[in-house]
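A structural walkthrough
So you can see what is in the structure, the chains are spelled out below.
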Amino acid sequence: MYATYTSVIIPCYNEQEVIRESYRRLTQVMQAHFQSYELLFINDGSQDKTLPILQELAEYDPQVKILSFSRNFGHQPAVSAGLSQCSGEVAVIIDADLQDPPELIPDMVALYLENACNVVYAVRKSRQGETPFKKFTAKLFYRTINYLSEVPLPLDTGDFRLIDRKVIDAFNQLPERNKYIRGLISWVGFRQEPILYERSERFAGETKYPLRKMLHFARTSLLYFSNKPLRIASSLGIAAVLVGLLLSLWVFYVMIFKPDELVHGWSSTLIIVVFFGGVQMMTIGILGEYLSSIFNEIKGRPEFIIDKTINLVSKSSSMAETPESQKHLVSAKSKPSSVLTNS
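Residues numbered from 1 in each chain as written. Predicted model: local features only at pLDDT ≥ 70, side-chain atom pairs only at ≥ 80, totals over all residues. Heavy atoms only, no water.

1. Concerning the overall build of the protein
- A tally of regular secondary structure across the protein gives ten helices and ten strands.
- Across the 343 residues of the protein, 47% fall into the buried class.
- Taking all contacts inside the protein whose residues are at least 6 apart in sequence as the whole, residues at least 24 apart take part in 81%.
- Carbon and sulfur atoms make up 60% of the accessible area of the protein, which totals about 17600 Å². (Helix = DSSP H or I, 4+ residues; strand = E, 2+ residues; numbered from the N terminus. Buried < 20%, exposed > 50% of the residue type's maximum accessible area, 1.4 Å probe, protein only. Contact = heavy atoms within 4.5 Å. Areas by Shrake-Rupley, 256 points an atom, 1.4 Å probe, with all protein chains shown as cover.)

The structure is reproduced here in structure tokens:
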């Protein structure tokens, strides 16, 4: 039985089919292995019965604590909210769909204590219940972001991990609002150890990460965590100039030494226009994406807005509590990372 006070952070979005089983398995594991713990569920604007079910669970189990958003803000803001409000010496991030097994949590804590590390991240040995397309794109994404990243990122690793209070506090000081959490946890440093596991298929329900959200997540990861795309664009611009010079030398060579073989007109012009035009459009597109990211940051909007809390008292100084009569207003001066509208 571990004496380490452990917070389990569980983002939820339309998980009515699985939330009771997720609670049952988590509670079974935590009661068997931990003296004290909390289950912090973040309701990310669910449109089904997820919140009513969580409220039922919280009525008779004080270990169940709930943050409920005013709308769907996304998985990463939900995890950020949990990290900003958890009270444990360590926190474990796990999704509600049970693809990541709660039964691994004691092993993660054991590794944390034995190795005196700050982070234990779970590495997927296999991915059950996923299509070949999903497996291929996931493998490609992790290797691409690792290549572009300024710091090494562990491959085949999601948000399922244990982090201690030192890392939690360091993470909560990061000012950006669009976060790539697994990358930022690697960025803050400290001692980090892997643990291998088999990832299961969803217990029930449908994936909450369709292709559109996967692409948005990939975009955020690339733009907010690396400036290498800008360097690649610059390299392509230099390459385009060199290709243009080579084409010019070739044209002059043919004009002087093989004038009969020179085809006057459209071919060379078309090649040059298409090549340079493509490079320019791609470079402008990359610059536009970075400008869009900067624009989203300087607006200073909160990362998430909390509609209500259950069994939980706000502990973040950066979270503004607005009165009921002004629950839809946010102070432009404070620029909080989150806003509490009703407890």
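The discussion continues.
2. A look at the pattern of salt bridges
- Counted by the stated rule, this structure contains nine salt bridges.
- Between Arg199 and Asp100 there is a salt bridge, and its shortest N-O distance comes to 3.1 Å. Of this pair, Arg199 sits in strand S7 (residues 192-199) while Asp100 is found in the loop between strand S4 (90-93) and helix H4 (105-115), placing the two residues 99 residues apart along the sequence.
- The class for Arg199 is buried, based on a relative accessible area of 6%.
- Judged by relative accessible area, which is 2%, Asp100 ranks as buried.
- In this structure, the salt-bridge partner of Arg182 is Asp159, at a minimum N-O distance of 3.2 Å. Within this pair, whereas Arg182 is found in helix H7 (residues 181-188), its partner Asp159 is found in strand S6 (residues 157-164), the two being separated by 23 residues in sequence. Taken individually, Arg182 and Asp159 each receive the classification buried, so the pair is uniform in this respect. (Salt bridge = Lys/Arg side-chain N within 4 Å of Asp/Glu carboxyl O.)

3. A few points about the packing of aromatic side chains
- The full count for this structure, using the stated rule, is four aromatic pairs.
- Between Phe69 and Phe304 the ring centres are 5.2 Å apart and the planes differ by 10 degrees, which places this aromatic pair in the stacked class. Of the two residues, Phe69 sits in strand S3 (residues 64-69) while Phe304 sits in strand S8 (residues 304-310), which places them 235 residues apart along the sequence. Note on accessibility: Phe69 and Phe304 belong to one class, buried.
- Counting every residue linked through ring pairs, the aromatic cluster contains Phe69, Phe73 and Phe304. (Phe/Tyr/Trp six-rings, centres within 6.5 Å; stacked < 30°, edge-to-face > 60°.)

4. Some details on the confidence of the model for the protein
- Overall, the predicted model of the protein reaches an average pLDDT of 76, with 69% of residues at or above 70.
- Here residues 317-343 scores under 50 on pLDDT; set against residues more than four positions off or in separate chains, the count is 52 contacts. (pLDDT = per-residue confidence, 0-100.)

5. Concerning the nonpolar core
- In terms of nonpolar packing, the biggest core is built from 37 residues, with Ile10, Leu39 and Phe41 touching the most fellow members.
- Aside from chain neighbours lying at most four places away, what touches Ile10 is Leu26, Leu39, Leu40, Phe41, Ile42, Ile94, Asp95 and Ala96.
- By size, the runner-up hydrophobic cluster in this structure holds 26 residues, among which are Phe73, Ile93, Phe171 and Leu312. (Core = buried A, V, L, I, M, F, W, Y, C linked by side-chain atoms within 4.5 Å.)

6. Here's the deal with the pairing of strand S1 (residues 6-12)
- Within S1, seven of the seven residues are buried, leaving the element largely enclosed by the surrounding structure.
- Neither face of S1 is left uncovered, since the one carrying Thr6, Val8, Ile10 and Cys12 and the one carrying Ser7, Ile9 and Pro11 both have all their residues buried.
- Note that S1 and strand S2 (residues 37-43) share seven bridges and pair parallel. Bridged to Ile10 within S2 is Phe41.
- Tracing the backbone out of S1, into helix H1 (residues 19-33) and back to the parallel element S2 gives a crossover that is right-handed.
- Bridging between S1 and S4 involves four bridges; their strand directions are parallel. Each bridged residue has a counterpart across the sheet, and for Val8 the counterpart in S4 is Val92. (Pairing = 2+ DSSP bridges. Right-handed = clockwise from strand over helix to strand, strands pointing away.)

7. Overview of the side chain of Asp44
- You can see Asp44 is positioned in the loop between S2 and helix H2 (50-60).
- Side-chain polar atoms of Asp44 contact the backbone nitrogen of Phe73, separated by 2.7 Å.
- For Asp44, the residues in contact, after removing those within four places along its chain, are Cys12, Tyr13, Phe69, Arg71, Asn72, Phe73, Gly74 and His75. (Polar contact = N/O pair within 3.5 Å; in protein donor to acceptor, adjacent residues only side chain to side chain.)

8. Digging into a nonpolar patch on the surface
- Together, Phe252, Tyr253, Met255, Ile256 and Phe257 line one region of the surface with nonpolar side chains, adding up to about 590 Å² of accessible area.
- Assignment of secondary structure puts Phe252 in helix H9 (residues 228-257).
- According to the relative accessible area criterion, Phe252 is exposed, its value standing at 51%. (Patch = residues over 30% accessible without salt bridge, like charges linked within 9 Å, V, L, I, M, F, W, Y side chains within 5 Å.)

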